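# Observations on the model geometry
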Amino acid sequence: MNKHTKKLMKDYYKIQDFCIDILEKAEKDVKSEFEYYDEIREYNQAKVLAAFQEERISEAHFTNTTGYGYGDIGRDTLDKVYARVFNTESALVRPHFVNGTHAIGAALFGNLRPGDTLLSVCGTPYDTLHNIIGSNDNKSMGSLRDYNIKHKQVDLKDSKLDFDAIKSALSEDSSIKIVHIQRSTGYGWRKSLQISEIEKLITFVKSVKPNVICFVDNCYGELIDVKEPTDVGADLIAGSLIKNIGGGIAPTGGYIAGKEELVENASYRLTVPGIGGECGSTFGVMRSFYQGLFLAPHIAIEAVKGAVLCARVMELAGYEVLPHYTDRRSDIIQAIKFNDKEKLINFCKGIQKGSPIDSFVQCEPWDMPGYEDQVIMAAGAFIQGSSIELSADAPIREPYIAYMQGGLTLEHIKVGILMALNNVGQI
Ligand SMILES: *Cc1c(COP(=O)(O)O)cnc(C)c1O
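All figures in this text were calculated on a predicted structure; none of them were measured in a lab. (Residues numbered from 1 in each chain as written. Predicted model: local features only at pLDDT ≥ 70, side-chain atom pairs only at ≥ 80, totals over all residues. Heavy atoms only, no water.)

### Let's talk about the overall build of the protein
Condition: Every helix listed is a DSSP run of H or I at least four residues long, and every strand listed is a run of E at least two residues long, numbered separately from the N terminus. Our radius of gyration looks at C-alpha atoms and nothing else; its globule reference is 2.2 Å times the residue count to the power 0.38. Should any heavy atoms of two residues lie within 4.5 Å, those residues are counted as being in contact. What sets the accessible areas is the Shrake-Rupley method with a 1.4 Å probe; for residues, cover comes only from the shown protein chains. When charges are counted, neither His nor the chain ends are considered; positive counts come from Lys and Arg and negative counts from Asp and Glu. Here the site of a charge means atom NZ of a Lys, CZ of an Arg, CG of an Asp or CD of a Glu.
A tally of regular secondary structure across the protein gives 12 helices and 12 strands. The globule rule puts the C-alpha radius of gyration for 427 residues at 22 Å, and the 21 Å found for the protein is close to it. If you take every contact in the protein between residues at least 6 apart in sequence, the share linking residues at least 24 apart comes to 70%. For the protein, the accessible surface area stands at approximately 17,800 Å², while carbon and sulfur atoms represent 50% of it. Taking the 46 positively charged and 56 negatively charged side chains of the protein as two groups, their mean positions are separated by 2 Å.

Quick look at the structure:
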């Protein structure tokens, strides 16, 4: 950090000296990690560019239809570009998916039938999936359970996949149609699943039960590795466009990619049976979707670098972090354990204070729809709730873990980390 930046940090942002010292030390420590991720980014940028060129993208793809949206070439061709990036037969990329949960829900509802069972093999699924599954004892919302689709779960053993238990679960129950794999940690305290681990898992699952559908919740995982789950056997994946793959530019939306038949089935839950992905005008968002995808390899790694730096900074400040800064990553999330409610809240408030939008707002815990505990979210983002932009969130429950992610530029992430550390202090 040069003297001009330091002066600004002290005079304007009121950052204490110890924070700047820690950041400078951390920056030296993470250099070789950054080089590793730069190489992934270089490959993925070329991969995405090639997909654009193969599909001969031009100005015409940025126009949009109205009404029914039949033959919207921007929309239909973007599906093909995504299918190339993910190496799949088919993809469905839509602004009509309100979020990642919606895309995941369509993938599951579209491919499960009464009497089928969904098996989660990475422990408890992400919080917002609980209502889709129907594992909460609340009123009938048309969950999978309401349609007589059961859910079973294999817990992690010492934070690792429990292959023996997965094998017994699969062998015991012939009604298992989909195996649900979650790449990212969600609000857990475990490492994200590496592509190599997903490959081993899928190969194993198929060896026990060849016809089962392997579905991967790919949220936060896109473009962090040179391969995606669909390169190593996943039949179907889904995710959000206001995370990695939207590149910080897509204003809303979600995607599904995978085998043609499975994506088509999902499309009948996005709209209705018989209509699927053939309808749906696109409100002029196509240019943003294309441009976001083009920038996504760069932005996703920018966010990963921010997470690596945050891990080292918070560790040097005395906190327990996961993953460690030298751990290989498969998502953009950095978890920091505070064991203290006030510190957790202050960390999030620090991130908010460092935001370009709503920096003057004090974020507070609230009852967010779809979540069981209160949740605090620091999200001073251009796009509401976008977590490829610098954000931090946490369910308010022990042991008070903050999840920091995103950031469109590393320089901004640094300011956010400094503001957050300044707010919580070192141990
Ligand atoms: C973000 C996320 C989702 C979907 O969340 P939305 O806010 O609905 O986009 C699902 N699973 C995981 C693991 C996630 O991180």
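What follows continues from the structure just given.
### Observations concerning the environment of A169
One can find A169 in helix α7 (residues 163–172). Each C-alpha atom, one on A169 and one on L119, is 8.2 Å from the other, the two residues being 50 residues apart in sequence. When neighbours within four sequence positions are excluded, A169 is seen to be in contact with L119, V154 and I176.

### A closer look at the packing of α7 against helix α8 (residues 195–208)
Note the following rule: Axis definition: a line fitted to C-alpha atoms, limited for helices to the stretch in contact. Angles are taken between N-to-C directions and run from 0 to 180 degrees. Left-handed is the label given to a crossing in which the near helix is rotated counterclockwise from the far helix by less than a right angle, and right-handed is the label when the rotation is clockwise. For this scheme, ten residues count as nonpolar: Ala, Val, Leu, Ile, Met, Phe, Trp, Tyr, Cys and Pro. Four count as charged, namely Asp, Glu, Lys and Arg, and the remainder, Gly too, count as polar.
Closest axis-to-axis distance for the α7/α8 pair is 10 Å, and the angle between their directions is 35°. Classified by chirality, the crossing of α8 by α7 is right-handed. Of the residues in α8, those touching α7 at F163, I166, K167, L170 and S171 are K200, L201, F204, V205 and V208. Across the contact of α7 with α8, the residue classes tally to seven nonpolar, one polar and two charged.

### What about α7?
Under the convention used in this document: Relative accessible area decides the class of each residue, using a 1.4 Å probe on protein chains only: under 20% of the type maximum gives buried, over 50% gives exposed, and in between gives partly exposed. The arc in question is formed by the directions pointing from the helix axis toward the C-beta atoms.
For α7, the full list of buried residues reads I166, A169 and L170. The buried residues of α7 occupy an angular sector of 95° when projected down its axis, which confines them to one face. Exposed side of α7, more than 90 degrees from the buried face: D164, S171 and E172 are the residues found there. The secondary structure elements touched by the buried residues of α7 are β2 (117–120), β4 (176–182) and α8.

### A word on the state of the cysteines
Rules: Cysteine sulfur atoms are paired as a disulfide whenever they fall within 2.5 Å.
Tallied over the full model, the rule gives zero disulfides. C19 carries a free sulfur, and the closest cysteine sulfur to it, the one in C310, is 12 Å from it. C19 gets classed as buried once you look at its relative accessible area, which sits at 0%.

### Describing the site of the ligand
What counts here: Near residues are defined by distance, with any heavy atom within 4 Å of the molecule or strand qualifying the residue. Under this definition, polar contacts are N or O atom pairs within 3.5 Å; protein pairs additionally need one hydrogen-donor-capable and one acceptor-capable atom, and for neighbouring residues in sequence, both atoms have to be side-chain atoms.
In the vicinity of the ligand, the contacting residues are N99, G100, T101, I104, Y126, Q182, D217, C219, Y220, S240 and K243. Within the side chain of D217, an N or O atom sits 2.6 Å from a nitrogen atom of the ligand. Here K243 contributes a side-chain N or O atom positioned 3.1 Å from an oxygen atom of the ligand. Alone, the ligand offers 380 Å² of accessible surface; in the complex the protein occludes 91% of this. Among the elements that take part in the shell around the ligand, helix α5 (residues 100–111) stands out by supplying three residues, more than any other. Taken together, the residues that form the shell around the ligand break down as four nonpolar, five polar and two charged.

### Some words on the sheet that holds strand β1 (residues 90–94)
What links the strands of a sheet is backbone hydrogen bonding, and the strands pair in either a parallel or an antiparallel sense. Selection criterion: Following DSSP output, two strands are said to pair if at least two bridges run between them.
A sheet is described by the order of its strands in space; here seven strands give the open sequence β1-β7-β6-β5-β4-β2-β3, paired in mixed fashion. The sheet is open, and its two borders are formed by β1 and β3 (150–153), each paired with just one other strand. Here the average twist between neighbouring strands, direction ignored, is 20°. Direction of pairing for strand β6 (residues 236–240) relative to strand β7 (residues 254–258): antiparallel, over a ladder of five bridges. Note on β7: the bridge partner recorded for A238 is I256. The sheet contacts of helix α4 (residues 73–86) involve β1, β6 and β7, and relative to β1 the element is tilted by about 125°.

### So, the packing of helix α2 (residues 17–29) against helix α12 (residues 410–424)
Each packed pair of helices is defined by two parameters, the angle between the axes and the distance between the axes. We apply this condition: An angle counts as roughly parallel when it lies under 35 degrees, as roughly antiparallel when it exceeds 145, as roughly perpendicular when it falls between 65 and 115, and as oblique in every other case.
Closest axis-to-axis distance for the α2/α12 pair is 10 Å, and the angle between their directions is 135°. Of the possible angle classes, the one that applies to α2 and α12 is oblique. Between α2 and α12 the crossing geometry is right-handed. The segment α2 lies against α12, with F18, C19, I20, I22, L23 and E27 engaging K414, L418, L421 and N422. Here the contact of α2 with α12 is composed, by residue class, of seven nonpolar, one polar and two charged.

### With respect to the nonpolar core
Formally: Within this scheme, the nonpolar core is defined by two criteria: the residues are buried Ala, Val, Leu, Ile, Met, Phe, Trp, Tyr or Cys, and they are joined through side-chain atoms within 4.5 Å. Each domain's extent was defined by an automatic or database domain assignment.
Core analysis: the biggest nonpolar cluster contains 137 residues, and Y82, I181, I256, M314, F347 and M404 have the highest contact counts within it. Among the elements that take part in this core, helix α10 (residues 286–316) stands out by supplying 16 residues, more than any other. Split by domain, this core shows at least three residues from each of two domains, domain 1 (3–44 + 294–424) and domain 2 (66–284). Here M314 is in contact with Y319, V321, I336, F338, F347, L421 and V424, once residues within four sequence places are set aside.

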